[in-house]
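# Descriptive analysis of the structure
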Amino acid sequence: MSTLTPRPERLAHAPVLLRDGRWWWVSGPGAFPVTDPTFTSTLNGFSQAMAAADQAVADLHARQSRAATSGARERR
């Protein structure tokens with residue numbers, strides 16, 4: 001399996017944003033860089049887990065689509 005990379009966007013309803021490999025805390029007045037290494041490590045792990053979940057859902061949809069297509073051919 002290839003390495004999953006975090007998406008360069010806002011993270012799942014969280015007030016953080018990954019841009020150019022750097023996490024930013026987003027609030028009303030603007031965005032501030034996240035500098036705590038423990039926190040950024042946790043964000044990286046969560047982002048990778050979200051990317052893996054997104055990939056699993058995409059794979060499931062693809063399998064279901066292939067099954068529906070082959071089932072339609074068999075009924076003809």
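Throughout what follows, the structure given in this document is the object of discussion. Note that residues are indexed from 1 along each chain, following the sequence as it is written. For a predicted model such as this one, the threshold for reporting local features is a pLDDT of at least 70, and the threshold for listing and counting side-chain atom pairs is 80 or more; totals across whole chains, interfaces and linings nevertheless cover every residue. By convention in this description, side-chain values take in all heavy atoms of the structure and omit both hydrogens and water.

### Notes on unusual backbone geometry
Short version of the rule: Segments assigned H or I by DSSP are reported as helices when at least four residues long, segments assigned E as strands when at least two residues long, and all are numbered from the N terminus. Throughout, exposure labels follow a simple rule: accessible area from a 1.4 Å probe, protein chains only, divided by the maximum for the residue type, with under 20% read as buried, over 50% as exposed, and the rest as partly exposed.
Even without glycine at this site, Asp20 takes up a positive phi of about 55 degrees. Tracing the backbone through its elements, the reader meets Asp20 in the loop between strand S1 (16-19) and strand S2 (22-27). Residue classification places Asp20 among the exposed positions, given a relative accessible area of 75%.

### Concerning a nonpolar patch on the surface
Formally: Excluding any residue in a salt bridge, patches collect residues exceeding 30% relative accessible area, merging like charges within 9 Å and nonpolar Val, Leu, Ile, Met, Phe, Trp and Tyr side chains within 5 Å. Method for areas: the Shrake-Rupley scheme with a 1.4 Å probe, in which residue coverage is limited to the protein chains shown. Salt bridges are defined by distance alone: a side-chain nitrogen of Lys or Arg within 4 Å of a carboxyl oxygen of Asp or Glu.
Together, Trp25, Phe32 and Phe39 give the surface a local cluster of nonpolar side chains, amounting to about 290 Å² of exposed area. Mapped onto the elements, Trp25 comes out in strand S2. Classification of Trp25 by relative accessible area gives partly exposed; the value is 38%.

### Concerning the packing of aromatic side chains
The condition is simple: Aromatic pairs are defined between Phe, Tyr and Trp rings, using the six-membered ring for Trp, whenever the two ring centres lie within 6.5 Å; interplanar angles under 30 degrees are classed as stacked, those over 60 as edge-to-face, and all others as tilted. Only when the NZ atom of a Lys or the CZ atom of an Arg is both within 6 Å of the ring centre and within 35 degrees of the ring normal do we say a charge sits over the ring.
Here the structure, examined in full by the defined rule, presents one aromatic pair. Considering the side-chain rings of Trp25 and Phe39, the 6.1 Å spacing of their centres and the 50 degrees angle between planes classify their relative orientation as tilted. Here Trp25 is found in strand S2, whereas its partner Phe39 is found in helix H1 (residues 37-75), with 14 residues between them in sequence. The cationic tip of Arg22 hangs over the ring face of Trp24; the distance from NZ or CZ to the ring centre is 5.5 Å.

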